[in-house]
Amino acid sequence: MNQTTQVKLLRSAIILGLTLLVCGHIVLAVTFASDDIGHQGFILGAALSAFGVVLSLPTKIYLTLLLMEHEEKTNPNFTRSADGQASRGVSVAHIRTATEEDAARLSDLARQTFIDTFADDNSEENMRLHCEATYSEALQLAEIKDPNRLTLLATHEWHLIGFVQLRWGNTPDCVEANSAGELQRLYVDKDWHGKGVAQDLMQAAMTAMQRKGNDVIWLGVWEHNPRAIAFYKKNGFVEVGSHVFPLGNDPQRDIIMMKSLEPKATE
């Protein structure tokens, strides 16, 4: 039986299960409202509801897993946090490639995580100018559609909790590489700090660049962000230079860090 047939059968089972649930509730409601039906009505309603639950809930879970497996096999950029979990076993996040439908939620998360990270050390005006110029929904949509960029999202129970954005081109002179890619942004919702999500996103980013044939991954990090610098050093990045990062009207210094990769052929 092929996957398409399996999906159709599973969807039919879900519909049948929901129908039985509705019928069961109707029978029970009528039974409680009438004294003429008796125990038979109660037994019938309970049986219909029970069969409805058996058919619908497990089938829905299996159908979700089946569709995820299909996406992983057909989308070359799709990945799951299983890559990170295989080596660490910590994060419960699900990592997938962003789609155009994610632009609005990504815009909100990107803006909020940037504010949570840098608002205490920068002026409100400069933060506002940067967020307006960088994290609008329209710009996130354009970046998702850009063939020279890749955005990966970390989700948990369908909630967006982190993201990493990669781009290719405009490698600084201090980064020596045959083929380099930039880790442009990596942010995780503050409620999920320390739970392995950032590490899974980092692993997914490096894997994506290896599959693209890059031998170096590089990034820029604000010199006054010790938490991020320590995280990158822990992942094998070393400082190789610096550049100016304009935050609104404030020209700030970013440290440029890089890490060598072993290129991996696309599967």
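Quick caveat, the model's predicted, so the values are computed rather than measured. (Residues numbered from 1 in each chain as written. Predicted model: local features only at pLDDT ≥ 70, side-chain atom pairs only at ≥ 80, totals over all residues. Heavy atoms only, no water.)

**A short note on the packing of helix α4 (residues 103-118) against helix α5 (residues 124-134)**
- Across the interface, α4 lies against α5 with an axial gap of 11 Å and an inter-helix angle of 155°. On the basis of their axis angle, the class for α4 and α5 is roughly antiparallel. Crossing handedness for the pair α4 and α5: right-handed. In contact with R111, F114, I115 and F118 of α4, α5 contributes M127, H130, C131 and E132.
- For the contact of α4 with α5, a count of residues per class yields five nonpolar, one polar and two charged. (Axes fitted to C-alpha atoms, helices over the stretch in contact; angles between N-to-C directions. Helix = DSSP H or I, 4+ residues; strand = E, 2+ residues; numbered from the N terminus. Parallel < 35°, antiparallel > 145°, perpendicular 65-115°, else oblique. Left-handed = near helix turned anticlockwise from the far one by under 90°. Contact = heavy atoms within 4.5 Å. Nonpolar A, V, L, I, M, F, W, Y, C, P; charged D, E, K, R; others polar.)

**Brief notes about the environment of E182**
- Looking at where E182 falls in the secondary structure, it is placed in strand β4 (residues 180-188).
- Separated by eleven residues in sequence, E182 and T171 have C-alpha atoms that sit 7.7 Å apart.
- If near-sequence neighbours (up to four positions away) are discounted, E182 is found in contact with Q165, L166, R167, M209 and W218.
- Separated by 2.6 Å, the side chains of E182 and R167 make a polar contact. (Polar contact = N/O pair within 3.5 Å; in protein donor to acceptor, adjacent residues only side chain to side chain.)

**Concerning the pattern of salt bridges**
- This model, assessed by the stated rule, comprises ten salt bridges.
- Between D102 and R96 there is a salt bridge, with its nearest N and O atoms 2.8 Å apart. For the pair formed by D102 and R96, the shared burial category is buried.
- Here E132 makes a salt bridge to R128, at a shortest N to O gap of 3.0 Å. Here E132 pairs with R128, and both are found in helix α5, just four residues apart, close to one helical turn.
- Three or more residues joined by partner-sharing salt bridges are found here, namely E143, D146, R149 and R185. (Salt bridge = Lys/Arg side-chain N within 4 Å of Asp/Glu carboxyl O. Buried < 20%, exposed > 50% of the residue type's maximum accessible area, 1.4 Å probe, protein only.)

**Regarding the sheet that holds strand β1 (residues 94-97)**
- In space, the seven strands of this open sheet follow the order β1-β2-β3-β4-β5-β7-β6, with mixed pairing throughout. Strands with a single pairing partner mark the edges of an open sheet, and in this sheet they are β1 and β6 (238-247). Strand-to-strand twist in this sheet, taken as the mean axis angle between neighbours without regard to direction, amounts to 30°.
- Sheet topology places strand β5 (residues 216-222) next to strand β7 (residues 250-260); seven bridges connect them, and they run antiparallel. (Pairing = 2+ DSSP bridges.)

**Quick notes on the pairing of β6**
- Sheet analysis places β6 next to β7, joined by nine bridges and oriented antiparallel. Bridge pairing links V238 to M258 in β7.
- Remark: two residues form the turn of the hairpin made by β6 and β7, two consecutive strands paired antiparallel; G248 in that turn has positive phi of roughly 65°.

**Examining the packing of α4 against helix α6 (residues 137-145)**
- With their axes 8 Å apart at the nearest point, α4 and α6 run at an angle of 115° to one another. Accordingly, the angle class assigned to the pair α4 and α6 is roughly perpendicular. Classified by chirality, the crossing of α6 by α4 is right-handed. Between α4 and α6, the contacting residues are A103, A104, L106 and S107 on the first element and E137, Q140, L141 and I144 on the second.
- Its residues placed into classes, the contact of α4 with α6 shows five nonpolar, two polar and one charged.

Note that all results are geometric; they support no functional claim without further evidence.
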